[in-house]
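Here is how the chains run, residue by residue.
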Amino acid sequence: MYAIIADGGRQYRVEEGQELTIAYRDTPVGEKLSFGDVLAVGGGDQVKLGSPMVSGASVSAEVLGIDQGPKINIRKLRRRKNFRKQTGHRAMYTRVRINSIAGA
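Quick caveat, the model's predicted, so the values are computed rather than measured.

1. Looking at the pattern of salt bridges
Line of reasoning, step 1. Tallied over the entire structure, the rule returns five salt bridges.
Line of reasoning, step 2. Here arginine 25 ties to aspartate 7 by a salt bridge, and the two come within 2.2 Å at their closest N and O atoms. Pair noted here: arginine 25 is in the loop between strand 3 (19–23) and strand 4 (32–35) and aspartate 7 is in strand 1 (residues 2–7), with a separation of 18 residues, a long-range link.
Line of reasoning, step 3. If you follow the salt bridges from partner to partner, you end up with Glu19, Arg95 and Arg97 in one network.

Below, the structure written as structure tokens:
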């Protein structure tokens, strides 16, 4: 069984047991999350589409930890002005495991 969920402006296709990296949330490790914005639920031959959400469907997940993305370097240069500037940024993500998909 699979589901398509919306979280943080993105859409994810998830299955039970799958590990997923989502937008950062300040939640402790081991806490349960519930995604109520389920756009579609499918399994076997049947697919249930929502308009826009499937009523009564939810996806539950468990927080595994916090990850950081790759470092992004930002360089600025103004020619002939002796101006050079470099900064960096690493986005934070929350790693979750999908426990169950309840599609009504």
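Next comes the rest of the account.
2. What about the sheet that holds strand 2 (residues 10–15)?
Line of reasoning, step 1. With antiparallel pairing, four strands are arranged side by side in an open sheet as 2-1-5-6. Sheet topology places strand 2 and strand 6 (46–49) at the edges, where each strand pairs with a single neighbour. Averaged over all pairs of adjacent strands, the angle between their axes in this sheet comes to 15 degrees, without regard to strand direction.
Line of reasoning, step 2. Of the pairings in the sheet, the one linking strand 1 to strand 2 comprises six bridges and is antiparallel in character. Note that in strand 2 the partner of tyrosine 2 across the bridge is glutamate 15.

3. What to know about the packing of aromatic side chains
Each pair of aromatic rings is reported with the distance of its centres and the angle of its planes.
Line of reasoning, step 1. Under the criterion given, the structure shown has zero aromatic pairs.
Line of reasoning, step 2. Sitting over the ring of tyrosine 2, arginine 13 keeps its end group 4.1 Å from the ring centre.
Line of reasoning, step 3. Looking at arginine 78, its charged tip hangs above the ring of phenylalanine 83, at a distance of 4.6 Å from the centre.

What counts and what doesn't
- Residues numbered from 1 in each chain as written.
- Predicted model: local features only at pLDDT ≥ 70, side-chain atom pairs only at ≥ 80, totals over all residues.
- Heavy atoms only, no water.
- Salt bridge = Lys/Arg side-chain N within 4 Å of Asp/Glu carboxyl O.
- Helix = DSSP H or I, 4+ residues; strand = E, 2+ residues; numbered from the N terminus.
- Pairing = 2+ DSSP bridges.
- Axes fitted to C-alpha atoms, helices over the stretch in contact; angles between N-to-C directions.
- Phe/Tyr/Trp six-rings, centres within 6.5 Å; stacked < 30°, edge-to-face > 60°.
- Lys NZ or Arg CZ within 6 Å of the ring centre and 35° of its normal.

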